Structure formats: C-alpha cells, structure tokens
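Residue strings, one per chain:
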Amino acid sequence: MTSSSVCVLGLGLIGGSILRAAHDAGRPVWGWNRSADAIAGAIADGYDVGTDLTAALSRAAAQDALIVIAVPMPAVDSVLAAIAEHAPAAPITDVVSVKAEVASAVAARGLQARYVGGHPMAGTNQSGWSATDPTLFVDAVWVVATDPGVDADVWTRVARLALDCGSVVVPAESVEHDRAVARISHLPHLLAEALAMVGAAGGPLALGLAAGSFRDGTRVASSSPNLVRAMTEGNAAALRTALDEALAALTAAREELDEGSTKTLVDAGNIARLQYEQHQRFEITDITPGEPGWRQKLQDAGRRGGVVRQIRSASPG
Ligand SMILES: NC(=O)c1ccc[n+]([C@@H]2O[C@H](COP(=O)([O-])OP(=O)(O)OC[C@H]3O[C@@H](n4cnc5c(N)ncnc54)[C@H](O)[C@@H]3O)[C@@H](O)[C@H]2O)c1
Ligand SMILES: O=C(O)C(=O)C[C@]1(C(=O)O)C=C[C@@H](O)C=C1
C-alpha cells in the first residue's frame, strides 16, 4: 500500500505551512531545516522536526514518504544530492517557483523517475517559520507537473497532498508553467521593485502621500530579495519575453502621453484586468491518472482552465 507520510525539507513560509496543513489533514509528517534557531517555534509547538537531514531522509526511505523540497532554488541541488544518497527510491516533489530548472537538476542526479514538480500559487511577502499558516493554501491553485515520463502514482500522491492542503490542482508541463508564471508572478515582482524605487525617489512628500495604489502595487517588493532573484533569474528566457511586452506597452504609453493621452494603455489594461476577474475554471472529472493518454489529457485540460478537485484512482497515498 502507498504511504500517506510526508517529509518536508525546508521549513520556511511554504515548507512550514505545508507541514502544518498536512499535519492538520491527519498525515504523518516530519520536517527538516538546516538550522534549529529558525524553527524554534515549530519545536516548541511539538512538531516532528529536526536538523538531521540523513535521519529525515532515512525515515522517508523506510516509510516510502513523499519528500517535499521547500528550499530556495540555490539550495535544491545539495538537498537532491542527499536524497540520491539516502532515499533514492522515494517519491519527490518540490515547491520551487520555477519548474524546468528543478526538473533539470533532478535529472542530473538521476532522480527523475520518482519526481513530479509542484508549485503552490500562494504565498506572502514574509519568510520563515514565524510566517507559516496552515490555511495558506486553502482555495489556492497548486500546479502539479505533467512532464513527459511522469509517473501516475507519484503524480497522484503530489496532487493528493495539494488537495489535502485545501488547494485545487492545475496540471501543466514545466515549460508552459514557467512561461505563464513569468507573466503573472515574476514580471509583477520586477514591476513592484521598479514602482517602489520610483515612488521612494519622490522623497518624503511622495512617500507620505502613498496610499492604496502604491501599497498594493509594491507589496511584493518587500519579499526576500534572495527568493525574488532566484525565481526571476531562474526563469530568464520567459521573463525576458514578458518584460519586453511590458516595456513595449510602457514605451507606447510614453509616446502617446506626448500627444496628451494615455488612452491606449489604460483601455487595454482595463479590459485585460476584466479578463482576469472573469476567468472561469472548470473541474476535470473524467481523467484517471494512469489511464491511457492521461498525462496529455490532463495537460490539455489544464491549458483550457481545468482544475482537479478530487482524484479518481485506487491509490490511497
Ligand atoms: N514565498 C512565496 O510566496 C512562495 C510561493 C510559492 C513557492 N515558493 C518557493 O518556495 C521555496 C521556499 O520559499 P519560502 O517562501 O518558504 O522561503 P523562506 O525563506 O520562508 O524559507 C526558506 C527555507 O529554506 C531554508 N534554506 C535557505 N537556504 C538554504 C540552504 N542553502 N540550504 C538549506 N536550506 C536552506 C531556510 O532555512 C528556510 O527554511 C522557494 O523555492 C520559493 O521559490 C515561494
Ligand atoms: O502573494 C505574494 O506575496 C506572492 O508573491 C506569492 C507568489 C506570487 O503570486 O507571485 C510569489 C511567488 C510564487 O512562487 C507564488 C506566489
């Protein structure tokens, strides 16, 4: 029988929130963090966490637990090296904001057979255990990768974890995911940084007048710089395309402003925002992981706005 145990590596905002949500869902779950100081709160609250990576992974190997990598991209390879040594057959997922880069690192360690990438589209501008929230993923979207060669059992287990955390699952191939998040996450982070800079350059009067538009538009500029750099630099090709589109729109607006109007950008942006507000999802109900053509069918449905809310499969994990 497939185990429902979960081993979370990295207990910051995302990993810690997954640990807490999985615990609340009744899963056997334990976690590892490189330093004890950072997880003093988790230890005080009695969570099954520690700083011995070998012990956490040996336990995952013994229990066939799903390993969740929840560290920043620059730390992923050292964690993969430890997995390759201590739990090479365990199912693995991750939560890193860029997917193709992780998939390559996993393949370089020979771990691709039991790996399915993931990305919960939820977070805050806070970091660390103290920011964790077991409800962080409720009603969020959680991408579960449908790359060629994906194992149906591991895919199901990753999707079940996402559902147990309260999310809906969007099936998507890593490269398509990366192109999409360049537009709706990585570009917004860079724009927020630019907006914050321009506002602050206005000095005390500008900052003193800042209200909703500045606050909302710059919120993610207070995210950890290391995390923002890892996700923007790790998705450079797709981000360049999105950034070029944004720069072209702003340059055109700048030129139109010389004629006294901002109409083109304002009207187009208003319609685009409405498209986001009116975006409809539909539930994928008729595809069972493992059936012939399941991967392609799920991926096509995800591309059209399909989400998985429950898994049809005999596997309980
Ligand atoms: N913050 C978000 O909104 C968000 C959302 C979805 C996914 N993610 C992804 O989740 C992952 C974790 O992000 P987070 O927001 O939880 O960050 P965080 O800073 O809150 O936590 C990062 C964790 O990784 C550990 N860590 C950092 N460097 C390490 C290293 N060199 N070796 C071992 N452990 C190390 C830290 O101790 C900490 O436990 C990142 O890959 C990020 O891209 C973040
Ligand atoms: O809400 C926020 O603070 C976030 O930045 C969350 C956010 C995003 O929406 O861009 C950030 C990074 C992710 O990988 C996923 C989600």
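Rules used throughout
Residues numbered from 1 in each chain as written. Chains lettered and ligands numbered in written order. Predicted model: local features only at pLDDT ≥ 70, side-chain atom pairs only at ≥ 80, totals over all residues. Heavy atoms only, no water. UniProt positions renumbered as here; feature names shortened; annotations may be inferred. Buried < 20%, exposed > 50% of the residue type's maximum accessible area, 1.4 Å probe, protein only. Helix = DSSP H or I, 4+ residues; strand = E, 2+ residues; numbered from the N terminus. Right-handed = clockwise from strand over helix to strand, strands pointing away. Domains from an automatic or database assignment. Contact = heavy atoms within 4.5 Å. Buried area = accessible area lost by both parts, 1.4 Å probe. Salt bridge = Lys/Arg side-chain N within 4 Å of Asp/Glu carboxyl O. Polar contact = N/O pair within 3.5 Å; in protein donor to acceptor, adjacent residues only side chain to side chain. Nonpolar A, V, L, I, M, F, W, Y, C, P; charged D, E, K, R; others polar. Near = heavy atom within 4 Å. Pairing = 2+ DSSP bridges. Axes fitted to C-alpha atoms, helices over the stretch in contact; angles between N-to-C directions. Areas by Shrake-Rupley, 256 points an atom, 1.4 Å probe, with all protein chains shown as cover. Core = buried A, V, L, I, M, F, W, Y, C linked by side-chain atoms within 4.5 Å.

The protein is annotated in an unreviewed UniProt entry as Prephenate dehydrogenase from Rhodococcus cerastii. Of the comments in the UniProt record for the protein, the one headed Sequence similarities (unreviewed entry) reads "Belongs to the prephenate/arogenate dehydrogenase family."

Colleague: For this particular structure, what's the right way to read the pairing of strand β8 (residues 168–172)?
Modeller: Each regular strand displays side chains that alternate between the two surfaces of the sheet. The element β8 is largely enclosed, with a buried count of five among its five residues. The alternating pattern of β8 places V168, V170 and A172 and V169 and P171 on opposite faces, both of which are buried. Running through helix α6 (residues 152–164), the crossover from strand β7 (residues 141–145) to the neighbouring parallel element β8 is right-handed.

Colleague: Honestly, the domain arrangement of the protein in this entry has me stumped. Any pointers?
Modeller: In many analyses, interface size is given as the accessible surface area lost on bringing the parts together. By domain assignment, the protein separates into domain 1 (6–172 + 282–307) and domain 2 (178–277). Taken together, the 13 residues of domain 1 in the interface contact 13 residues of domain 2. Together domain 1 and domain 2 conceal approximately 920 Å² of surface at their shared face, both sides included; 57% is due to carbon and sulfur atoms. When the buried surface of domain 1 facing domain 2 is broken down by residue, S97, V98 and N125 rank first, second and third, together holding 52% of it. On inspection of domain 1 and its partner domain 2, the count reaches zero salt bridges. Our count for the contact surface shared by domain 1 and domain 2 stands at four residue pairs in polar contact (both at pLDDT 80 or more). Of all the secondary-structure elements, those providing two or more residues to the side of domain 1 that touches domain 2 are α4 (73–86) and α5 (100–108). Partitioned by chemical class, the residues of the side of domain 1 that touches domain 2 number six nonpolar, five polar and two charged.

Colleague: What is the right way to look at the site of ligand 1 in this model?
Modeller: Lining the immediate surroundings of ligand 1 are 23 residues, of which L13, I14, N33, S97 and G128 lie closest. The contact in question runs from an oxygen atom of ligand 1 to an N or O atom on the side chain of N33, over 2.5 Å. In this structure, a nitrogen atom belonging to ligand 1 sits 3.4 Å away from a side-chain N or O atom of R34. The set of elements that each furnish at least two residues to the shell around ligand 1 consists of α1 (13–24) and β6 (118–120). For the shell around ligand 1, the class distribution of residues is 13 nonpolar, nine polar and one charged.

Colleague: Explain the sheet that holds strand β5 (residues 92–94) here, please?
Modeller: Strand pairing in a sheet relies on backbone hydrogen bonds. The paired strands run either parallel or antiparallel. Within the open sheet, the five strands sit side by side as β3-β2-β1-β4-β5. Their pairing is parallel. Across the chains shown, the open sheet's two edge strands, defined by having one partner strand only, are β3 (49–50) and β5. Both strand β1 (residues 6–9) and strand β2 (residues 29–32) contribute to a ladder of four bridges, which runs parallel. Opposite C7, over in β2, you have W30 as the bridge partner. Against the sheet, α4 makes contact with β1, β2, β4 (66–69) and β5, and its axis sits at roughly 160° relative to β4, the strand it touches most. In the packing of α6 onto the sheet, contacts are made with β1, β4 and β5, and the angle to β4 comes to roughly 65°.

Colleague: Whenever I open this one, the site of ligand 2 confuses me. Can you help?
Modeller: Surrounding ligand 2, one finds S97, H119, M121, G123, T124, N125, S185, H189, R219, V220 and M231. In the environment of ligand 2, an oxygen atom lies 3.3 Å from a nitrogen or oxygen atom belonging to the backbone of G123. Taking N125, its main chain carries an N or O atom lying 3.5 Å from an oxygen atom of ligand 2. In isolation ligand 2 offers 370 Å² of accessible surface; the protein chains occlude 81% of this area. Of the residues assigned to the shell around ligand 2, the class counts are three nonpolar, seven polar and one charged. Residues from two domains meet in the shell around ligand 2; each of domain 1 (6–172 + 282–307) and domain 2 (178–277) gives at least three.

Colleague: Just checking my understanding: could you explain the nonpolar core for this structure?
Modeller: The biggest cluster of nonpolar side chains holds 42 residues, and the ones touching the most others in it are V8, I18, L19, V68, W155, L161 and V169. A total of eight residues in this core trace back to one element, the largest contributor, which is α6. Setting aside its immediate chain neighbours within four residues, V169 contacts W142, V144, W155, A159, A162, L163, G306, V307 and V308. Grouped together as the second largest cluster of nonpolar side chains are 28 residues, W30, I67, I69 and V76 included.

Colleague: I tried to follow the side chain of N33 on my own but got confused; where do I start?
Modeller: Secondary-structure assignment places N33 in the loop between β2 and α2 (40–44). From its side chain, N33 meets the backbone nitrogen of L11 in a polar contact 2.8 Å long. Side-chain polar atoms of N33 contact the backbone oxygen of S35, separated by 3.2 Å. Among all residues touching N33, those that are not within four sequence positions of it are G10, L11, G12, A38, I39, G50 and T51.

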